[in-house]
Amino acid sequence: MKLYLDTANIGEIKEIAQWGVLDGVTTNPSLMSREKGDYREILKEICDIVKGPVSAEVLSPNSADMVKEAKDLSKISEHIVIKIPCTIDGLKATNILSQEKIRVNMTLIFSANQAILAAKAGASYISPFVGRLDDIANPGIEVIKDILDILNNYNFPSRLIFASVRHPEHVRQAAILGAHIVTMPYRVFSSMIKHPLTDIGIERFLNDWEKR
Ligand code: G3P
C-alpha cells in the first residue's frame, strides 16, 4: 500500500517524508494556488524531496494543449506524473501521452464507467474522489469496490488512487479493500498516528518511572 500526501506545501511534505511513510504527492490547481512562488520551481522542489511520483495537473481544456502542457511539465523531473481530468479531451490526451510513455493520473473520476475508459486509454493512475461522492450522499466506497474489481477482472495495469480523503476512516477502508494508493491531506496523516490510549500510556509509564 502506498501513501501519498495531497498538498503542494513544502513544509508538510518535508515533515511527512521524515516519518519514512511518504511514497508520493498529488497536487491540483486549488492546492497549488495556496502556495507562494513559481509553479515549476515548487514542483521541482517537491520532486527532489519525495523522489517518487508527483502529480501535476494540466489546466488546458482541449487535448492538443493538454499534451503540450504535459510534455512541458514532464521536463521538470522524471518523477512528474501528469494529472488530467476525465473528459473526452482528457482521454484523447491520455491515449497520446501513454503511447509516449508519459504517465497519466486521470483525475475527477466519480464512476466505474469513467474508470473503465481511463484504464482503456492508458492511464497509469485512476483517481476516484471518495469524499466528494460522500458529500452528495453517493457512497464513494462503493465506487472504489467496483473499480478495484474491474481492474482485477481484466488485469488492467492502472493503479487506483483513493482520493478526496476526509478522515482516517477512509484510509482504513482503502487498506481493507486493497486500494493500491491513498492520497490524503496532512491533517489526515496526522490523525492516523493519534490515539488517546497511546498518550495515556506514555504518561503512565513516565509517572511510574519517576516514582521508582
Ligand atoms: O487530489 C485531489 C483530491 O484529493 C481532492 O480532495 O478534499 O478537495 O475533495 P478534496
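In case you missed it, the structure is sitting above this.
Residues numbered from 1 in each chain as written. Predicted model: local features only at pLDDT ≥ 70, side-chain atom pairs only at ≥ 80, totals over all residues. Heavy atoms only, no water.

K.L.:
What is the right way to look at the layout of surface pockets in this model?
P.N.:
Empty space among the atoms becomes apparent when a probe as large as a water molecule is rolled across them. Of the pockets and cavities examined, the largest pocket occupies roughly 420 Å³. In this structure, the largest pocket is lined by 25 residues; those nearest its centre are D6, N28, L31, R34 and P185. Of all the elements in the fold, those that place two or more residues in the lining of the largest pocket are α2 (29–33) and α10 (186–193). Its residues assigned to classes, the lining of the largest pocket comprises 8 nonpolar, 9 polar and 8 charged. (1 Å grid on protein atoms, 1.4 Å probe; cavity = no way out; pocket = protein on both sides within 12 Å on 5 of 7 lines; lining within 4 Å. Points joined across faces, edges and corners; volume = space filled by probe spheres on them. Helix = DSSP H or I, 4+ residues; strand = E, 2+ residues; numbered from the N terminus. Nonpolar A, V, L, I, M, F, W, Y, C, P; charged D, E, K, R; others polar.)

K.L.:
It is not clear to me how the pairing of strand β8 (residues 181–184) should be interpreted in this structure. Could you clarify?
P.N.:
Alternating residues of β8 divide into I181 and T183 and V182 and M184, and every residue in both groups is buried. Where strand β1 (residues 2–6) and β8 come together, 4 bridges link them in parallel fashion. Considered in β8, the bridge of L3 is made with V182. Looking at chain direction, strand β7 (residues 159–162) and β8 are connected through 2 bridges and run parallel. Bridge pairing in β8 places I161 opposite I181. Handedness of the crossover joining β7 and β8 through helix α9 (residues 168–177): right-handed. (Buried < 20%, exposed > 50% of the residue type's maximum accessible area, 1.4 Å probe, protein only. Pairing = 2+ DSSP bridges. Right-handed = clockwise from strand over helix to strand, strands pointing away.)

K.L.:
I would appreciate a short explanation of the environment of I88 in the present structure.
P.N.:
Counting through the fold element by element, I88 comes out in helix α5 (residues 88–99). Put simply, I88 and L117 are 29 residues apart on the chain and 9.6 Å apart in space, counted from C-alpha to C-alpha.

K.L.:
Can you help me understand the side chain of H170 in this one?
P.N.:
Positionally, H170 belongs in helix α9. H170 gets classed as buried once you look at its relative accessible area, which sits at 2%. Separated by 3.1 Å, the side chain of H170 and the backbone nitrogen of R166 make a polar contact. Residues within four places of H170 in sequence aside, it is in contact with V130, G131, D134, F162, S164 and V165. (Polar contact = N/O pair within 3.5 Å; in protein donor to acceptor, adjacent residues only side chain to side chain. Contact = heavy atoms within 4.5 Å.)

K.L.:
So what exactly am I meant to see when it comes to a nonpolar patch on the surface here?
P.N.:
Taken together, the side chains of W19, V21 and I193 define a hydrophobic patch exposed on the protein surface, amounting to about 280 Å² of accessible area. Mapped onto the secondary structure, V21 falls in the loop between α1 (10–18) and β2 (24–26). According to the relative accessible area criterion, V21 is partly exposed, its value standing at 32%. (Patch = residues over 30% accessible without salt bridge, like charges linked within 9 Å, V, L, I, M, F, W, Y side chains within 5 Å. Areas by Shrake-Rupley, 256 points an atom, 1.4 Å probe, with all protein chains shown as cover. Salt bridge = Lys/Arg side-chain N within 4 Å of Asp/Glu carboxyl O.)

K.L.:
Is there a simple way to explain the pattern of salt bridges in this structure?
P.N.:
For side chains of opposite charge, pairing can occur when their charged atoms come near one another. Tallied over the entire structure, the rule returns 8 salt bridges. K71 is the partner of E100 in a salt bridge, and the nearest nitrogen-oxygen pair spans 3.1 Å. Of this pair, E100 sits in the loop between α5 and β5 (104–109) while K71 sits in helix α4 (residues 63–74), placing them 29 residues apart in sequence. The class of E100 is partly exposed, set by a relative accessible area of 41%. Assessed through its relative accessible area of 32%, K71 is described here as partly exposed. Note that K211 is salt-bridged to D208, the shortest N-O span being 3.4 Å.

K.L.:
Would you take a moment to explain the packing of aromatic side chains for this structure?
P.N.:
Each pair of aromatic rings is reported with the distance of its centres and the angle of its planes. Using the criterion set out here, one finds 3 aromatic pairs in the structure. Considering the side-chain rings of F110 and F129, the 5.7 Å spacing of their centres and the 70° angle between planes classify their relative orientation as edge-to-face. Separated by 19 residues along the polypeptide, F110 in the loop between β5 and α6 (112–121) and F129 in the loop between β6 (125–128) and α7 (130–135) bring together distant segments of the chain. Directly above the aromatic system of W209 lies the positively charged group of R212, at a separation of 4.2 Å from the ring centroid. (Phe/Tyr/Trp six-rings, centres within 6.5 Å; stacked < 30°, edge-to-face > 60°. Lys NZ or Arg CZ within 6 Å of the ring centre and 35° of its normal.)

K.L.:
What is the right way to look at the site of the ligand in this model?
P.N.:
Near the ligand you find D6, N28, K83, F129, R132, A163, S164 and R166, and these make up its full shell. Measuring from an oxygen atom of the ligand, one finds a side-chain N or O atom of K83 at 3.0 Å. S164 places a side-chain nitrogen or oxygen 2.7 Å from an oxygen atom of the ligand. Bound to the protein, the ligand loses 82% of the 310 Å² it would expose on its own. (Near = heavy atom within 4 Å.)

K.L.:
I tried to follow the sheet that holds β8 on my own but got confused; where do I start?
P.N.:
Hydrogen bonding along the main chain pairs the strands of a sheet, whether they run parallel or antiparallel. Spatially, β1-β2-β3-β4-β5-β6-β7-β8 is the arrangement adopted by the 8 strands of the closed barrel, whose pairing is parallel. Pairwise comparison of adjacent strand axes, ignoring direction, gives a mean angle of 30° for this sheet. Here β5 runs beside β6; their pairing, made up of 3 bridges, is parallel. If you follow N105 over to β6, its bridge partner there is Y125. Its contacts with the sheet place α4 against β3 (54–57) and β4 (80–85), and it is angled at close to 160° to β4. Those strands touched by helix α8 (residues 140–153) are β5, β6 and β7, and its axis lies near 170° from that of β7. (Axes fitted to C-alpha atoms, helices over the stretch in contact; angles between N-to-C directions.)

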